[in-house]
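Structural characterization, general
So the chains spell out like this:
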Number of protein chains: 2
Amino acid sequence: MAGIDDVARRAGVSTATVSRALSGRGPVSTATRDRVLAAAEELGYVVSAAASSLATGRARAVGVVVPFLDRWFFSTVLAGISDALVREGYDITLYSVSADPAERRRVFEDHLRRRRIDAVVTIAIEMDAAESALLRSLGVPVVSIGGPNPLLTTLTVDDRAVGRLATEHLIALGHRRVTHIGADTTTNAASSVPALRRLGFTETMDAIGADAVFEPADFTIEGGSAAATRTLSGDVPPTAIFAASDEMAIGAILAARELGLRVPADVSIIGVDGHELGRWFGLTTVDQFARGQGERAAEAALAELDGADPAPGLGTLPFELVDRGSTGPVDVSRR
Amino acid sequence: MAGIDDVARRAGVSTATVSRALSGRGPVSTATRDRVLAAAEELGYVVSAAASSLATGRARAVGVVVPFLDRWFFSTVLAGISDALVREGYDITLYSVSADPAERRRVFEDHLRRRRIDAVVTIAIEMDAAESALLRSLGVPVVSIGGPNPLLTTLTVDDRAVGRLATEHLIALGHRRVTHIGADTTTNAASSVPALRRLGFTETMDAIGADAVFEPADFTIEGGSAAATRTLSGDVPPTAIFAASDEMAIGAILAARELGLRVPADVSIIGVDGHELGRWFGLTTVDQFARGQGERAAEAALAELDGADPAPGLGTLPFELVDRGSTGPVDVSRR
DNA sequence: CTGTTAGCGCTTTCAT
DNA sequence: ATGAAAGCGCTAACAG
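Parameters at a glance
- Residues numbered from 1 in each chain as written.
- Chains lettered and ligands numbered in written order.
- Predicted model: local features only at pLDDT ≥ 70, side-chain atom pairs only at ≥ 80, totals over all residues.
- Heavy atoms only, no water.
- Contact = heavy atoms within 4.5 Å.
- Buried area = accessible area lost by both parts, 1.4 Å probe.
- Salt bridge = Lys/Arg side-chain N within 4 Å of Asp/Glu carboxyl O.
- Helix = DSSP H or I, 4+ residues; strand = E, 2+ residues; numbered from the N terminus.
- Buried < 20%, exposed > 50% of the residue type's maximum accessible area, 1.4 Å probe, protein only.
- Arc of directions from axis to C-beta.
- Axes fitted to C-alpha atoms, helices over the stretch in contact; angles between N-to-C directions.
- Parallel < 35°, antiparallel > 145°, perpendicular 65-115°, else oblique.
- Nonpolar A, V, L, I, M, F, W, Y, C, P; charged D, E, K, R; others polar.
- Least-squares fit on C-alpha atoms with pLDDT ≥ 70 in both.
- Expected span 1.5 Å × (residues − 1).
- Polar contact = N/O pair within 3.5 Å; in protein donor to acceptor, adjacent residues only side chain to side chain.
- Domains from an automatic or database assignment.
- Pairing = 2+ DSSP bridges.

On to the interface of chain B and chain A, then. If you look at the interface, chain B gives 53 residues, while chain A gives 53 residues. Here chain B and chain A share an interface that buries about 4,600 Å² over both sides, 56% of which is from carbon and sulfur atoms. Our enumeration of links across chain B and chain A arrives at eight salt bridges. Where arginine 116 of chain A meets aspartate 91 of chain B, a salt bridge forms, and the shortest distance between an N and an O atom there is 2.6 Å. Of all elements in the fold, only α4 (49-56), α5 (72-87), β2 (91-96), α6 (101-109), α10 (221-232), α11 (246-258) and α12 (278-281) of chain B reach the threshold of two or more residues within the side of chain B that touches chain A. For the side of chain B that touches chain A, the element with the most residues is α5 of chain B, which contributes seven residues.

Spelled out as structure tokens, the structure:
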């Protein structure tokens, strides 16, 4: 593979000039530039990432840390990040951290510290103070999506407000017996996404003096289905379910059908996400524009890289209620 | 951030010794090794990827090229790749190539050639001879999943056999009027995954003298739904549908319901993939174990890196019919 | 505008 | 078993 001095020789200039011509940094006469470009083109020369990175300190790559690759929300956000990064010529290095603590340590203490990336974006990774500090110590911009983290630049939807919005929607339809399906909060920080959604739910229910019933699940269709089955089979079944994700909401719809209940006539169901599948289930949801989140996070990271101030505190992301019919007025006879 | 000479100083040895101790290559006395390890640990030292890569020619990263990030099959294969790579301490660099030809060129001619990766895995990327040659010229192992490519090491299921298996399953149930929903083959190479599935279908139908009806769609739920609606609304609607992906098959099930048809009583439907959602639709499918494909591809790439012979021709991946009830005997009155 | 010359932070002979 | 020193392939002063 051709190196920079092959190009220099062919263009009849020094390697320094080649570097300047190719990078666009530093003065080069138009004539030389053209010769260099032509020579590079002919030789199929591309700058070596390692050499360039070592010399400049820039890697032209950003790291993305995700807990799952094969769940809709994460792959969708990732797609958004990728879009934004490709546009700017950056590569993306993927760090998938599983639940295994040893592996997680390796990612944080080894892989992320190899100085291979110019910035990092984390997607819904709940970090303790040590991990946050570790990211900070990388000396590169860090943008976190999901779950406000006072120690980092964060881009997040106001999940408490999301919880309120969904709950208020149900209350406005006359529902008073509502079950919230979400992640078991004891294993999550109080500021985590699931915890905030639940808080929004609880405070809204409290405000009208209604019971804030909770049923834990694991953010999958299966988990949502199981949780919905439990709550709908109880002594005093809810007239509505607010699931903290669309996947769980879809599981709830499937469970309701299984139990012979009509949606929304017998039970209203609302989710959160804007999952593409929701359309096919007529699922009412609070859309959070996942792909856009990814793009914005990537752009924020690059902006900070270009010297912009780290986003002031937390950037707030939009969300929106999308009514597709899986929620409706409570059946008065069941209230 | 600490560098290698910080560690050397602290351990009271030369940088050469530090390098040897940390990499495990070359002789180091146990005592010194321990001192070095301790010093590195205390300083939180991690080898710089750029410097190491420049010196050794190894980047400890593999590139993964995908056409989509946010579709089930791709994100699932990617998850499998990630699992295998993380185990071995490799980073993964993601190259998402969209339909835009200019962007595609940039990925192939620039990004992939930055010498940032020790191997590349492509997932269902159809490449022409030039692109294949370009990958070869990288001088690193290349493993391609999906679509036999004589120019590259390929890991692929026998999609023609998959097409036959699905079709034979329907024929065994008595179906003679079957529509195949797949990608418009005119825009795909004859050896592409969709083309081979269709070929398996066509030859099997031909063998029993039945019409091989085809309806094009784009591998999404929406596309499958539209295609199914068209074929089921025709003059002589099929008694069975074989969709080339589970997403399209699910779309077909939804379309059938919409038309008031029962599955499988009125129309049998079979897909291909093993999509997790299939369970919830009782979808019969030919599972191709996507996650396992990713792991095997990554392992093959690493093996080749370690000097193993490039996989002999093509590696063949397993597949299996999973009957979940969306196919059944043809209604004799409709035959 | 262009060339010369130090590095960037490691790894790897080659000596010792 | 260890150290000195020469690169790996580029970039960034610094001269000119």
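To continue, consider helix α2 (residues 15-23) of chain A. All names here are of chain A. Regarding α2, the residues found buried are Thr17, Val18 and Ala21. Taken end-on, α2 shows its buried residues confined to a sector of 100 degrees, consistent with a single buried face. Elements that come into contact with the buried residues of α2 comprise α1 (4-11) and α3 (30-43). Two residues or fewer after α2 comes glycine 24, characterised by a positive phi angle close to 80 degrees.

The subject of this paragraph is the side chain of serine 82 of chain B. Inspection of the secondary structure assignment puts serine 82 of chain B in helix α5. Setting aside its immediate chain neighbours within four residues, serine 82 of chain B contacts Leu69 and Ser96 of chain A.

Now for the packing of α1 of chain A against α2 of chain A. All names here are of chain A. At a minimum axis distance of 8 Å, the contact between α1 and α2 shows a crossing angle of 100 degrees. It follows from the interaxial angle that α1 and α2 lie roughly perpendicular. Mapping the contact onto sequence places Ile4, Asp5, Val7 and Ala8 in α1 and Thr15, Val18 and Ser19 in α2. For the contact of α1 with α2, the class distribution of residues is four nonpolar, two polar and one charged.

Take the relation of the copies chain B and chain A next. The two copies are related by a screw motion: chain B maps onto chain A through a turn of 180 degrees and a shift of 0.0 Å along the axis, at an RMSD of 0.1 Å. Both copies of the chain, as the preceding transformation shows, are related through a two-fold rotation axis. Both copies share a contact surface, since 100% of the interface residues of chain B are interface residues in chain A too.

In this model, α10 of chain B (12 residues) spans 16 Å end to end at C-alpha, consistent with the 16 Å of a helix rising 1.5 Å per residue. Of the surrounding elements, those touching the buried residues of α10 of chain B are α12 (278-281) of chain A together with β6 (178-182), β7 (212-216), β8 (240-243) and α11 of chain B.

Bringing the side chain of serine 245 of chain A into the picture now. Residues and elements named next belong to chain A. Residue placement: serine 245 occurs in the loop between β8 (240-243) and α11 (246-258). Separated by 3.2 Å, the side chain of serine 245 and the backbone nitrogen of methionine 248 make a polar contact. Apart from the residues lying within four places of it in its own chain, the contact partners of serine 245 are Phe219, Gly271, Val272 and Asp273.

Our next topic: unusual backbone geometry. Here the amide bond leading from valine 263 of chain A into proline 264 of chain A is cis, since omega sits at 5 degrees, within 30 degrees of zero. For proline 264 of chain A, the location among the structural elements is in the loop between α11 and β9 (268-273). Not every positive phi belongs to a glycine, and aspartate 273 of chain A is a case in point at roughly 150 degrees. With respect to the element layout, aspartate 273 of chain A can be found in strand β9. Backbone geometry places arginine 60 of chain B, a non-glycine residue, at a positive phi of 50 degrees. Relative to the helices and strands, arginine 60 of chain B resides in the loop between α4 and β1 (61-66).

Further remarks concern the domain arrangement of chain A. As assigned here, chain A comprises domain 1 (4-47), domain 2 (61-157 + 290-318) and domain 3 (159-287 + 321-334). Relative to domain 2 of chain A, the C-alpha centre of domain 1 of chain A lies at a distance of 35 Å.

Turning our attention to the sheet that holds strand β6 (residues 178-182) of chain A. Residue and element names in this part refer to chain A. Strand order in the open sheet formed by six strands is β7-β6-β8-β9-β10-β12, with mixed pairing between adjacent strands. What marks the edges here is a single partner per strand, and that holds for β7 (212-216) and β12 (320-322). Neighbouring strand axes in the sheet, compared pairwise and without regard to direction, differ in orientation by 20 degrees on average. Strand contacts of helix α8 (residues 159-172): β6, β8, β9, β10 (284-287) and β12, with the helix running at about 165 degrees to β8, the strand carrying the most contacts. Across the sheet, helix α9 (residues 193-207) is in contact with β6, β7, β8 and β9; its angle to β6 comes to roughly 165 degrees.

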